[in-house]
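Listed below, chain by chain, are the residues.
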Amino acid sequence: MGKLYIVPTPIGNLEDMTFRAITVLKEADCVLAEDTRTSGKLMKHFEIGTPMQSHHMHNEHKTVENLVKRMQAGETIALISDAGTPAISDPGFLLTRACVENGIDVECLPGATAFVPALVNSGLPNDKFVFEGFLPDKKGRQTRFLALAEETRTMIFYVSPHKLNKTLAEYVQYFGADRPVSVSRELSKLHEETVRGTAEEVLKHFEAKPAKGEIVVCVGGKNLK
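Residues numbered from 1 in each chain as written. Predicted model: local features only at pLDDT ≥ 70, side-chain atom pairs only at ≥ 80, totals over all residues. Heavy atoms only, no water.

Per an unreviewed UniProt entry, the chain goes by Ribosomal RNA small subunit methyltransferase I and derives from Flavobacterium okayamense. Under the heading Subcellular location (unreviewed entry), UniProt records this for the chain: "Cytoplasm". (UniProt positions renumbered as here; feature names shortened; annotations may be inferred.)

Before going further, it helps to spend a moment on the nonpolar core. Core analysis: the largest hydrophobic core is formed by 24 residues, its most contacted members being Leu 164, Leu 168, Tyr 171, Phe 175, Val 181, Val 183 and Val 217. At the level of secondary structure, the elements contributing two or more residues to this core comprise helix H6 (141–148), strand S7 (154–159), helix H7 (164–175), strand S8 (180–185), helix H8 (199–208) and strand S10 (215–219). With five residues, the single largest contributor to this core is H7. Aside from chain neighbours lying at most four places away, what touches Leu 164 is Val 159, Val 183, Phe 206, Ala 211, Ile 215 and Val 217. Counting 17 residues, the second-largest nonpolar core is a separate cluster that includes Val 24, Met 43, Phe 46 and Ala 78. (Core = buried A, V, L, I, M, F, W, Y, C linked by side-chain atoms within 4.5 Å. Buried < 20%, exposed > 50% of the residue type's maximum accessible area, 1.4 Å probe, protein only. Helix = DSSP H or I, 4+ residues; strand = E, 2+ residues; numbered from the N terminus. Contact = heavy atoms within 4.5 Å.)

What follows is about the packing of H6 against H7. To characterise two packed helices, one gives the angle between the axes of the helices and the distance between these axes. Across the interface, H6 lies against H7 with an axial gap of 10 Å and an inter-helix angle of 50°. On the basis of the axis angle, H6 is oblique to H7. In terms of crossing hand, the pair formed by H6 and H7 is right-handed. Contact residues: H6 offers Arg 141, Gln 142, Phe 145, Leu 146 and Leu 148, while H7 offers Lys 166, Thr 167, Glu 170, Tyr 171, Tyr 174 and Phe 175. Per-class residue counts for the contact of H6 with H7 are six nonpolar, two polar and three charged. (Axes fitted to C-alpha atoms, helices over the stretch in contact; angles between N-to-C directions. Parallel < 35°, antiparallel > 145°, perpendicular 65-115°, else oblique. Left-handed = near helix turned anticlockwise from the far one by under 90°. Nonpolar A, V, L, I, M, F, W, Y, C, P; charged D, E, K, R; others polar.)

To continue, consider the sheet that holds S7. Spatial ordering of the open sheet is given by S6-S7-S10-S8-S9, a layout of five strands whose pairing is mixed. Every interior strand has two partners, whereas the edge strands, strand S6 (129–133) and strand S9 (193–198), have only one. Pairs of neighbouring strands in the sheet enclose a mean axial angle of 15°, with direction left out of account. Strand direction decides the pairing type here: S6 and S7, joined by four bridges, are parallel. Looking at the pairing, Phe 131 lines up with Ile 156 of S7. (Pairing = 2+ DSSP bridges.)

Our focus in this paragraph is helix H3 (residues 60–72). Across its 13 residues, H3 extends 18 Å between first and last C-alpha, which sits within 8% of the 18 Å expected from 1.5 Å per residue. Listed in full, the buried residues belonging to H3 are Glu 60, Thr 63, Val 64, Leu 67, Val 68, Arg 70 and Met 71. Two residues or fewer past H3, Gly 74 is found with a positive phi of approximately 120°. (Expected span 1.5 Å × (residues − 1).)

Turning next to the environment of Thr 23. Locating Thr 23 in the fold gives a position in helix H1 (residues 19–27). For Thr 23, a relative accessible area of 38% translates into the label partly exposed. With 23 residues separating them in the primary sequence, Thr 23 and Phe 46 have C-alpha atoms 10.0 Å apart.

In this section: the environment of Glu 101. Topologically, Glu 101 is positioned in helix H4 (residues 93–101). It is 45 Å that separates the C-alpha atoms of Glu 101 and Thr 198, two residues lying 97 residues apart in sequence.

Under the definition given, this model contains one cavity of 30 Å³ or more. Looking at the largest cavity, its volume works out to about 40 Å³. Along its surface, the largest cavity is lined by Pro 8, Asp 16, Met 17, Thr 18, Ala 21, Pro 110, Gly 111 and Ala 112. (1 Å grid on protein atoms, 1.4 Å probe; cavity = no way out; pocket = protein on both sides within 12 Å on 5 of 7 lines; lining within 4 Å. Points joined across faces, edges and corners; volume = space filled by probe spheres on them.)

In this section: the packing of aromatic side chains. Given two aromatic rings, their pairing is described by the distance between the two centres and the angle made by the two planes. One pass over the structure, following the stated rule, counts nine aromatic pairs. A connected cluster of aromatic rings, assembled from ring pairs, spans Phe 115, Phe 129, Phe 131, Phe 134 and Tyr 158. (Phe/Tyr/Trp six-rings, centres within 6.5 Å; stacked < 30°, edge-to-face > 60°.)

The subject of this paragraph is the layout of surface pockets. When its volume is computed, the largest pocket comes out at roughly 720 Å³. Contributing to the lining of the largest pocket are 33 residues, with Ile 11, Asp 82, Ala 83, Gly 84 and Glu 214 lying nearest its centre. Secondary-structure elements contributing two or more residues to the lining of the largest pocket are helix H2 (36–45), S7 and S10. Tallied by class, residues from the lining of the largest pocket come to 15 nonpolar, eleven polar and seven charged. What the second largest pocket holds in volume is close to 180 Å³. Along the walls of the second largest pocket sit Glu 34, Met 57, Glu 60, Ser 89, Asp 90, Pro 91, Gly 92, Phe 93 and Phe 134, which together make up its complete lining. Residues that form the lining of the second largest pocket fall into these classes: four nonpolar, two polar and three charged.

Here you go:
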């Protein structure tokens, strides 16, 4: 019986790659990559020559069964995404579930993921929090906001840069203009930035200076006082 390794990769700075992650990728029989062109740069940087195979949201339903058979036959497979920890708003859940259901050992290495540093440096309570990832674009979006308006824990969202101002305006609408918000972008990269303030203040900031890059937003929960 083979094994599945879930291997986090850097979200920006390549020095965040762990020694163990490099070893696992070198020793695996195959590396599943969300985008082989993007991951190819990482593999080349660390001189990893393991064969890669594309594994993304558009083909994972079709490939899972065959991958399970390969691991049952003894292959060790490592799964990576373009950046961060697979299965966190990226492909990975379906394959992990299939392995668990078929008695295949699954091991997830510790490593980079964007929402943890964003939460820690937000200054918002982090003893309890809820990860929302990407909100629905249209259907169900309003319903989700109405439910989250009553959430008392710190909320974490992934937001595309071209949707940031719209989303901040929705925070003002559903959570209130004075709700504390922290926007972290380009974490671990050269132009890393975190902007903190009320929802209204942060919205005004990014209306004047449109955001670019990968973005994580932390929003304070409803104050029950």
